[in-house]
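Tertiary structure, described
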Amino acid sequence: MENERQALLSFKHGISDPNNLLSSWTGEDNDCCKWKGIRCDNTTAHVVALRLGSQVLCSNGTSCSPHFYCEVSPSLQGEIGPSLLDLSFLNYLDLSCNQFETIIPTFIGSLHNLVYLNLSFNHLFGNVPPHLGNISTLKYLDFGNNFLWMGSSLQWISGLSSLEYLNLKFTYLYQTLDWLESITKLPLLRALHLYSYTVPNNLQSLLNLNSSKSLEYLYMEGGDLTSSLLNLWLNQSYRMKELKLFNSQLYGMVPDVVAKMYSLEHLDLSYNFLQGEKTEDLKFLRYLGNMKALHLSKNLFSFNFSELVLGSEKTIQVLNFGSNKIVGSLHDIKKFSSLRALDMTENQLSGPLPDMSTMLSLESLVISYNQIVGNLMGSNIGHLSNLIELDVSSNFLEEAINETHFSNFSKLEVLSLSDNDIKLNLSTKWVPPFQLRRLRLRSCKLGPKFPSWIQTQTLYLEILDISDNGISGFIPQWLSSLTCLRDLTISQNSLRGILPNLASTFTVINLSDNKLEGPVPKNYSGAIFLSLSKNNLSGTISFLCTNEFKESNYLDLSDNLFSGNIPECLAQYAGNDLGLLNLANNNFSGEIPSSLGYLNQISSLHLRNTGLFGELPISLKNCTSLRILDLGKNQLSGEIPDPSLLVSANFNPCES
């Protein structure tokens with residue numbers, strides 16, 4: 001259809017396409033049905049689908065629920081042009097995972113044949129137009145992950161009687177008091193994702209709400225939901241398969257209604273104030289025989305894990321009880337024979353690990369910050385060839401581990417052994433069978449030579465922590481060849497030499513407490529967290545005066561040999577989140593620059609023993625967030641900032 005072809009070309013003309021996603025959309029090709037992202041009706045040749053979103057997946061690899069993420073980078077930018085109105089037979093519109101930065105155009109409400117509308121993962125802002133209530137054919141509606149407000153009323157949505165899927169993640173509902181009344185009028189709704197909602201004041205007025213018999217997937221985040229409202233609303237939701245009440249201000253015991261949802265496969269009650277001292281308080285779990293994933297992290301549970309009984313003992317795949325106060329041991333973990341992921345971080349588990357050799361489905365084991373003792377490899381964990389993530393940091397494990405213990409870990413992507421009594425006897429010529437994304441080996445006795453086998457981790461390595469390992473010798477310059485690395489911590493060793501020229505894309509650089517020398521490369525100024533303290537670094541700190549130096553929130557250059565003036569360019573921190581600036585114990589000269597007064601978020605400022613003189617700049621009074629100020633051992637005078645704001649200060653007159 002010529003008019004539809006011209007409408008598509010007009011739409012393309014109004015946007016930016018830096019990745020050439022629409023390169024097939026050319027005026028020379030008259031058949032727009034062959035263009036990328038276009039689908040036409042085989043009989044009428046009308047354009048019926050516009051698929052310009054990135055591939056979207058749910059947490060379980062399907063497209064059944066709103067719990068998804070964007071798999072590739074965004075591409076299209078600009079305005080969503082009204083030429084789409086000429087596609088009068090359009091029933092499928094997907095513009096997700098792009099960079100459209102605009103309000104949602106009201107004309108979309110005139111696309112009366114739409115069945116599927118997905119605008120998620122963009123930069124859309126403003127109120128959602130109620131005109132969308134005119135699209136009575138809609139079955140799928142997704143605004144998730146934008147910057148949208150729903151306004152004072154959601155009544156318009158109750159007219160979408162065919163709606164089955166509604167995702168309002170990061171769409172604010174604080175001022176929308178009729179959201180519950182409106183949504184419960186959707187008789188076919190199967191999947192719902194809400195965010196930042198306010199519960200109506202009068203619960204009695206909710207007694208006549210439609211029961212949510214069709215709901216199978218419910219996700220609610222960042223609201224003030226109460227157990228009584230939840231029980232009232234979902235009392236007949238027998239078909240519920242997935243329930244997520246994340247950070248919903250739930251207190252006390254698990255709501256009674258959950259015990260009646262016998263079809264539940266995924267239950268997530270994380271980030272609430274739920275509690276239970278005995279497994280009897282979770283007795284309802286014995287009757288949920290279809291459960292595949294259970295998330296109860298960030299609550300107040302303190303039961304004995306050894307006594308936990310699940311009705312889905314043989315089929316449960318994911319258990320996440322992280323950040324509670326759960327006691328007991330992992331002795332009976334083997335009874336969950338289908339388990340793929342176990343997260344028990346930050347609890348009070350004790351005792352040794354059991355024999356893990358039969359748990360061949362296990363892909364993720366996270367048991368950090370507990371009191372587990374004994375031998376890690378003695379538990380036969382080396383038999384688990386499907387293991388992707390292994391985190392046992394901050395326990396009381398003790399043993400010597402060599403490369404043969406890792407021989408079956410070809411799929412391993414995350415390895416965290418920090419803060420145990422573990423010694424790694426790994427040859428410098430070792431070639432690991434895995435390619436890691438995150439490697440944390442703090443205090444694992446790797447030294448005295450730098451572990452050169454890390455140089456083999458070139459494909460994905462993003463985080464590296466080998467601090468406090470007794471490593472000496474020269475810091476390797478090949479660290480800059482790990483092109484995915486963004487977080488580097490090699491502090492508390494005895495490394496010498498000059499700093500490697502790391503990319504400006506690093507977010508964390510911590511090389512403190514070594515014997516490093518020379519100037520600091522200017523690319524280091526891009527780090528959000530930068531700590532180079534307790535070295536022999538020299539030269540000026542003019543490397544801070546670059547365009548990259550804008551987002552840092554932690555900067556520690558103390559205890560070095562830096563000289564020259566403290567630069568005025570620190571003013572470029574104005575309005576950002578810089579909380580700590582430590583330049584103490586260096587060889588600076590001159591006065592304190594007035595630009596420090598622009599650091600309105602700074603809470604901790606250390607200029608002790610830096611050779612500074614003159615009066616304190618009056619601009620320091622603008623640093624109203626300042627709580628710790630150390631100016632000792634200088635030659636300063638003048639008025640100090642309001643001392644009532646400070647919790648710690650050093651203005652010793654014998655030193656300053």
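To keep things clear, this report deals only with the structure shown in the data block. (Residues numbered from 1 in each chain as written. Predicted model: local features only at pLDDT ≥ 70, side-chain atom pairs only at ≥ 80, totals over all residues. Heavy atoms only, no water.)

Ordered by their spatial adjacency, 4 strands build an open sheet running S25-S27-S29-S31, and the pairing between neighbours is parallel. Looking at strand neighbours, the two that pair on one side only are strand S25 (350-352) and strand S31 (421-425), the edges of this open sheet. On average, each strand axis in the sheet is inclined to that of its neighbour by 25°, with strand direction left out of account. The pairing of S25 with strand S27 (residues 371-374) spans 3 bridges and is parallel. Note that in S27 the partner of Pro 352 across the bridge is Val 373. (Pairing = 2+ DSSP bridges. Helix = DSSP H or I, 4+ residues; strand = E, 2+ residues; numbered from the N terminus. Axes fitted to C-alpha atoms, helices over the stretch in contact; angles between N-to-C directions.)

What follows covers the sheet that holds strand S20 (residues 273-276). Taken together, the 3 strands give an open sheet; going across it, the order is S18-S20-S22, and neighbouring strands pair in parallel fashion. The sheet terminates laterally at strand S18 (251-252) and strand S22 (300-301), the two strands that pair on one side only. Two elements, S18 and S20, share 2 bridges in a ladder whose sense is parallel. Considered in S20, the bridge of Tyr 251 is made with Phe 273.

On to the pattern of salt bridges. Under the definition given, this model contains 14 salt bridges. Note that Glu 280 is salt-bridged to Arg 286, the shortest N-O span being 3.1 Å. With relative accessibility at 44%, the residue Glu 280 sits in the partly exposed group. (Salt bridge = Lys/Arg side-chain N within 4 Å of Asp/Glu carboxyl O. Buried < 20%, exposed > 50% of the residue type's maximum accessible area, 1.4 Å probe, protein only.)

Attention now moves to the packing of aromatic side chains. Evaluated as defined, the whole model comprises 20 aromatic pairs. Aromatic side chains Trp 25 and Trp 35 sit 5.5 Å apart centroid to centroid with 25° between the ring planes, which places their arrangement in the stacked category. With Trp 25 in the loop between strand S1 (15-16) and strand S2 (38-40) and Trp 35 in the loop between S1 and S2, this pair connects stretches of sequence that are 10 residues apart. For Trp 25, a relative accessible area of 1% translates into the label buried. Judged by centre distance (5.1 Å) and plane angle (65°), the rings of Trp 430 and Trp 453 are edge-to-face. Of this pair, Trp 430 sits in the loop between S31 and strand S32 (438-440) while Trp 453 sits in the loop between S32 and strand S33 (463-465), and the two are 23 residues apart along the sequence. Side by side, Trp 430 and Trp 453 carry an identical accessibility label, which is buried. What links up through ring pairs into an aromatic cluster is the set Trp 149, Phe 170, Tyr 172, Tyr 174 and Tyr 195. Over the ring of Tyr 92 we find Arg 51; its NZ or CZ atom is 4.1 Å from the centre of that ring. The ring of Tyr 460 carries Arg 437 above its face, with NZ or CZ at 4.5 Å from the centroid. (Phe/Tyr/Trp six-rings, centres within 6.5 Å; stacked < 30°, edge-to-face > 60°. Lys NZ or Arg CZ within 6 Å of the ring centre and 35° of its normal.)

Function cannot be inferred from these measures alone, as they are strictly geometric.
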